[in-house]
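Overview (structure and organization)
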Amino acid sequence: MFDKHEIALSVKNLNVDYGDFRALENISLEIPARQITAIIGPSGCGKSTFLRCFNRMNDLVPTARVTGEVLFYGQNIYDSKVNPVEVRRHIGMVFQKPNPFPKSIYENVAYGARINGYKGNMDELVERSLRAAALWDEVKDDLKKSALALSGGQQQRLCIARAIAVEPQVILMDEPASALDPIATLKIEELMQELKKDYTIVIVTHNMQQAARVSDYTAMMMLSKEGSRAGTVIEFGPTPQIFTSPRDRRTEDYITGRFG
Amino acid sequence: MNESQHVLSTLLRPRADHDRREKLIRAVLLLFSAVSIFTTLGIIAVLLRETLLFFQEVSIVEFFTETRWTPLFASKKFGVLPLVNGTVLVAAGAMLIALPLGLLAAIYLSEYASDRARKILKPMLEVLAGVPTVVYGYFALTFVTPLLQKIWPQTQAFNALSASIVMGFMILPLVASLSEDAMSAVPQSLRQAAYALGATRFEVTLRTVVPAALSGISAAFILAVSRAIGETMIVAIAAGQQPKLTLNPLQSIETMTAYIVQVSLGDTPQQSIAYKTIFAVGMLLFMMTLMMNLISNWLTRRYREVYE
Ligand SMILES: Nc1ncnc2c1ncn2[C@@H]1O[C@H](COP(=O)(O)OP(=O)(O)O)[C@@H](O)[C@H]1O
Ligand SMILES: [Mg+2]
């Protein structure tokens, strides 16, 4: 499907159960490197659950059980020999609600580098990360200020800077703009276009226009069948194709607003 | 009746009944709060009056600089420092046990224990906090002191150390419980942020949860200190009645609280200057714990503001 792109993440027969409730069923797809892949679908269909599979955040949910494979450049991150902490250093995450630490702007960005024993110049890393997150100009004069004093949009860009500072290959974003106003949202979307030069981005969004605007590929998720509560990816492909000539009837209904 | 008429009729429902009951409840509640406030004020007033009377006879400079405390002897000296020394010595020892162990217990409960373990352990801690302190006192005297004497034969029958140790374990649940509350109040989203940056559980705890809960934890610590300073039963039973300026915990000392007990229960005539000392000592004790509680309160308020 995308011969021109390297595959960063490859999902094979993925299932997720919360206790005896099956949340995700039989998902297989491939995420191209240095592209933006959007995951869309009605709420509750398992988008966040799916996204958390990519950096093993589901490990933190005691009831969650993941089966199947997620290959990261060929290595199954669910292999028993793989350390989930290391996985998260390569695959970063930005959450729905901005969640900066109650520390200074500087310390927020430096956090990941510090725990990873970063040996380089910390000031440089902080500046580089803040620039990459398009936040540097706004905060360069008060890096010592509490991150909590920033606006919501700035906080979210700080969270992106914080993720970048760990120097990951992939950045996962779970509805990163859903708590932001339209202008802040636009800034995040512009930023994503910049970031995609260096990073593989997977973004969950319930905003169809946003998916159409920013993404190169789109995965459409739905509950797998009537009466089931397990979500699955029903269609995956280049974004223009998903939005103009979807193969699946349910995708078409959803995109044209006849659903959910 | 259509929708809007229905809404109007509920909004305009007579409210007199309702109001009267509300007023009654409020009056009763006000009365009870007033009683407790006036009781406290009354105690402070008595304490203050007696203290002022005491300081008409004894100079405040002597009180704070003299190094001997002998009001019950023929040659009376009124230097409170030995009593303060005893109090601080025992409290400091207790804190050496209660603060680190309490914090570790809180970290375990909040960050490491499974839900099931937490549901069993936390109530157990709270039960431990409810054991009458007189039981702890006898435990110090009859179990810990003999043990200490085996290790250090020079240990006196009444000594600061055994009181310290037992008091430390008595206060530990308070520290653990309050610190755990502070740590549990740290939003889950911060832990997730840290994990997503590649932090281990230990790093999440040490670099994110504890710092974010720090003002709550410090509040717990200060409350614990205040509790240790005010603790009476254990020291009255196990630490002795010898006001002494010493840092040796194996010796018999006397704390401010133990002194007050000694005089209150003894045969000192009520009008004597010796008797009045307990008000001055009590006032000082009150000021010390009040200050601690105010600081603790202030810290707790500060930490609430962080997430709101
Ligand atoms: N920690 C959890 N424990 C149990 N069930 C969960 C948990 N998280 C999500 N779920 C359930 O999994 C399903 C998918 O949730 P989620 O992945 O959040 O969907 P989405 O992000 O598409 O709204 C929902 O039915 C939700 O109730
Ligand atoms: Mg979601």
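None of the values given here were measured: they were computed from a predicted structure. (Residues numbered from 1 in each chain as written. Chains lettered and ligands numbered in written order. Predicted model: local features only at pLDDT ≥ 70, side-chain atom pairs only at ≥ 80, totals over all residues. Heavy atoms only, no water.)

**Some points on the overall build of chain A**
When its secondary structure is counted, chain A shows 10 helices and 10 strands. At 18 Å, chain A has a C-alpha radius of gyration in line with the 18 Å of a compact globule built from 260 residues. Dimensions along the principal axes, computed over C-alpha positions, put chain A at roughly 55 × 45 × 35 Å. A total of 260 residues make up chain A; the buried ones form 58% of that total. At a minimum sequence separation of 6, the contacts of chain A that also span at least 24 residues come to 68%. Accessible surface for chain A amounts to roughly 11300 Å². Of this, 48% is attributable to carbon and sulfur atoms. The centroid of the 32 positive side-chain charges in chain A is displaced by 3 Å from the centroid of its 32 negative side-chain charges. (Helix = DSSP H or I, 4+ residues; strand = E, 2+ residues; numbered from the N terminus. Rg over C-alpha atoms; globule rule 2.2 N^0.38 Å. Buried < 20%, exposed > 50% of the residue type's maximum accessible area, 1.4 Å probe, protein only. Contact = heavy atoms within 4.5 Å. Areas by Shrake-Rupley, 256 points an atom, 1.4 Å probe, with all protein chains shown as cover. Lys, Arg positive; Asp, Glu negative; His and termini not counted. Charge placed at Lys NZ, Arg CZ, Asp CG, Glu CD.)

**So, the site of ligand 1**
All names here are of chain A. By nearness alone, 13 residues border ligand 1, and Gly-44, Gly-46, Lys-47, Ser-48 and Thr-49 come closest of all. Contact distances for ligand 1 include 3.4 Å between a nitrogen atom and a side-chain N or O atom of Tyr-18. In the model, an oxygen atom of ligand 1 is placed 2.8 Å from a nitrogen or oxygen of the Lys-47 main chain. Elements represented by at least two residues in the shell around ligand 1 include exactly β2 (21–32) and α1 (47–53). Tallying contributions element by element places α1 first for the shell around ligand 1, with four residues. For the shell around ligand 1, the residue count by class is five nonpolar, five polar and three charged. (Near = heavy atom within 4 Å. Polar contact = N/O pair within 3.5 Å; in protein donor to acceptor, adjacent residues only side chain to side chain. Nonpolar A, V, L, I, M, F, W, Y, C, P; charged D, E, K, R; others polar.)

**A word on the packing of helix α4 (residues 81–112) of chain B against helix α7 (residues 160–184) of chain B**
Residues and elements named next belong to chain B. The N-to-C vectors of α4 and α7 enclose an angle of 35 degrees; their axes lie 6 Å apart at closest approach. Relative to α7, the crossing made by α4 is right-handed. Partitioning the contact of α4 with α7 into residue classes produces 23 nonpolar, seven polar and two charged. (Axes fitted to C-alpha atoms, helices over the stretch in contact; angles between N-to-C directions. Left-handed = near helix turned anticlockwise from the far one by under 90°.)

**A word on the environment of B:Arg207**
Along the chain, B:Arg207 falls in helix α9 (residues 201–212). Considered as a pair, B:Arg207 and B:Arg191 are 16 residues apart in the sequence and their alpha carbons are 10.0 Å apart.

**Observations regarding the domain arrangement of chain B**
Residue and element names in this part refer to chain B. Here chain B is described as being made up of domain 1 (2–56) and domain 2 (81–302). A straight line from the C-alpha centre of domain 1 to that of domain 2 covers 34 Å. Across the contact, eight residues belong to domain 1 and eight residues belong to domain 2. A combined buried area of about 790 Å² lies between domain 1 and domain 2, and 89% of that area is made up of carbon and sulfur atoms. Among the residues domain 1 hides against domain 2, the three largest losses belong to Leu-47, Glu-50 and Phe-54. Together they make up 62% of the total. Our count for the contact surface shared by domain 1 and domain 2 stands at zero salt bridges. For the pair domain 1 and domain 2, the interface holds one residue pair in polar contact (both at pLDDT 80 or more). Looking at the side of domain 1 that touches domain 2, its residues break down into six nonpolar, one polar and one charged. (Domains from an automatic or database assignment. Buried area = accessible area lost by both parts, 1.4 Å probe. Salt bridge = Lys/Arg side-chain N within 4 Å of Asp/Glu carboxyl O.)

**Some details on the pairing of strand β10 (residues 231–238) of chain A**
Residues and elements named next belong to chain A. Of all eight residues making up β10, seven are buried, and the element is well covered by its neighbours. Pairing analysis gives seven bridges linking strand β9 (residues 217–223) to β10, with the strands arranged antiparallel. Along β10, the bridge assignment pairs Ala-219 with Phe-236. (Pairing = 2+ DSSP bridges.)

**Overview of the packing of helix α3 (residues 105–115) of chain A against helix α6 (residues 152–164) of chain A**
Residue and element names in this part refer to chain A. At their nearest, the axes of α3 and α6 sit 7 Å apart, and the two run at 35 degrees to each other. Pair α3 / α6 crosses with right-handed handedness. Between α3, through Ile-105, Asn-108 and Val-109, and α6, the contact on the second element is made entirely by Leu-158, Ala-161 and Arg-162. Class assignment of the residues belonging to the contact of α3 with α6 gives a composition of four nonpolar, one polar and one charged.

**Looking at the confidence of the model for chain B**
Atomic detail in the predicted coordinates should be set aside for any region of low pLDDT. Residue and element names in this part refer to chain B. When the pLDDT values of chain B are averaged, the result is 91; 97% of them are 70 or greater. Per-element averaging of pLDDT across chain B places helix α1 (residues 3–11) at the bottom with 77 and α4 at the top with 97. Confidence estimates for the predicted assembly give a pTM of 0.86 and an ipTM of 0.94. (pLDDT = per-residue confidence, 0-100.)

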